[in-house]
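Structure assessment
Below, each chain spelled out in residue letters.
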Amino acid sequence: MATRPSARERLLSAADELFYRDGVHVVGIDKVIEHAGVAKASLYNTFGSKDELIRAYLRGRHAAIEKRVTEGLVAYPTPREKILGVFDIQGARFTAPDYRGCPFMSATAEAGSGTAAVAAADDYRAWVRALFVDLAAQAGAADPATLGQQLHMVYDGVAITARMDRTPVAALATGRATAAALLDAALGADR
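In this report, the structure presented in the accompanying data block is examined. Bear in mind that the values here come from a model prediction, so they are computed numbers and not experimental data.

Here we look at the nonpolar core
- Membership of the largest hydrophobic core comes to 58 residues, with the highest contact counts inside it found for F19, V32 and F87.
- Within the residue set of this core, elements represented by two or more residues are α1 (7–22), α2 (29–36), α4 (50–73), α5 (79–94), α6 (103–108), α7 (116–139), α8 (144–164) and α9 (168–187).
- It is α7 that contributes the most residues to this core, 11 residues altogether.

Right under this line is the structure:
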């Protein structure tokens, strides 16, 4: 007999679906509670507030992206290929029928400073930047911090373009080519 998910798991599942699809600022607590099939007290006893539920939702998105990228990069043998692989791995997500853009950009679009959404987005962005800087250093870049920042900006641009222009394949191809050009300039075409 299957065990029913806990109230926390049901709330996070409902928040993940509703917040990503409709936006954290549009979806009210009552809608999340109804979708999760829990009592209002369960939400407040578990998370304390909508802001903390948003933080947990974004942390879950961060963990899923980090896992997908980390596991996917195993297939790429060199640091340069891994850098381009980050674009490939995330690009596969852009063509999914349920792709609604970057959850961190969406959640922080109207968030005030000091909110849980901003803190969670900052943590995610720090991870992305560190990933690119680390891979740039492994590839032998003279200035891995600058190259990492440039690659991160391209990464963000691809996500925005894929969503806003509704051209995920073209956005990925252009972003990947831009990243390759940055790598060629920083490392030489043969590395």
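Looking at the side chain of R55
- Note on placement: R55 falls in helix α4.
- Setting aside residues up to four positions removed in sequence, R55 forms contacts with A116, A119 and A120.

Considering the environment of A173
- Tracing the backbone through its elements, the reader meets A173 in helix α9.
- Classification of A173 by relative accessible area gives partly exposed; the value is 47%.

Comments concerning the packing of α4 against α7
- Look at α4 against α7: their axes get within 7 Å of each other, and the N-to-C directions meet at 15°. As summarised for this structure, α4 and α7 are arranged roughly parallel, according to the angle between their axes. In the crossing of α4 with α7, the sense of the turn from one axis to the other is right-handed. Packed against α4, whose contacting residues are D51, E52, I54, R55, L58, H62, I65, E66, V69, T70 and L73, the element α7 presents A116, A117, A119, A120, D123, Y124, W127, L131 and L135 at the interface.
- By residue class, the composition of the contact of α4 with α7 is 13 nonpolar, 2 polar and 5 charged.

The rules behind each value
Residues numbered from 1 in each chain as written. Predicted model: local features only at pLDDT ≥ 70, side-chain atom pairs only at ≥ 80, totals over all residues. Heavy atoms only, no water. Core = buried A, V, L, I, M, F, W, Y, C linked by side-chain atoms within 4.5 Å. Buried < 20%, exposed > 50% of the residue type's maximum accessible area, 1.4 Å probe, protein only. Helix = DSSP H or I, 4+ residues; strand = E, 2+ residues; numbered from the N terminus. Contact = heavy atoms within 4.5 Å. Axes fitted to C-alpha atoms, helices over the stretch in contact; angles between N-to-C directions. Parallel < 35°, antiparallel > 145°, perpendicular 65-115°, else oblique. Left-handed = near helix turned anticlockwise from the far one by under 90°. Nonpolar A, V, L, I, M, F, W, Y, C, P; charged D, E, K, R; others polar.

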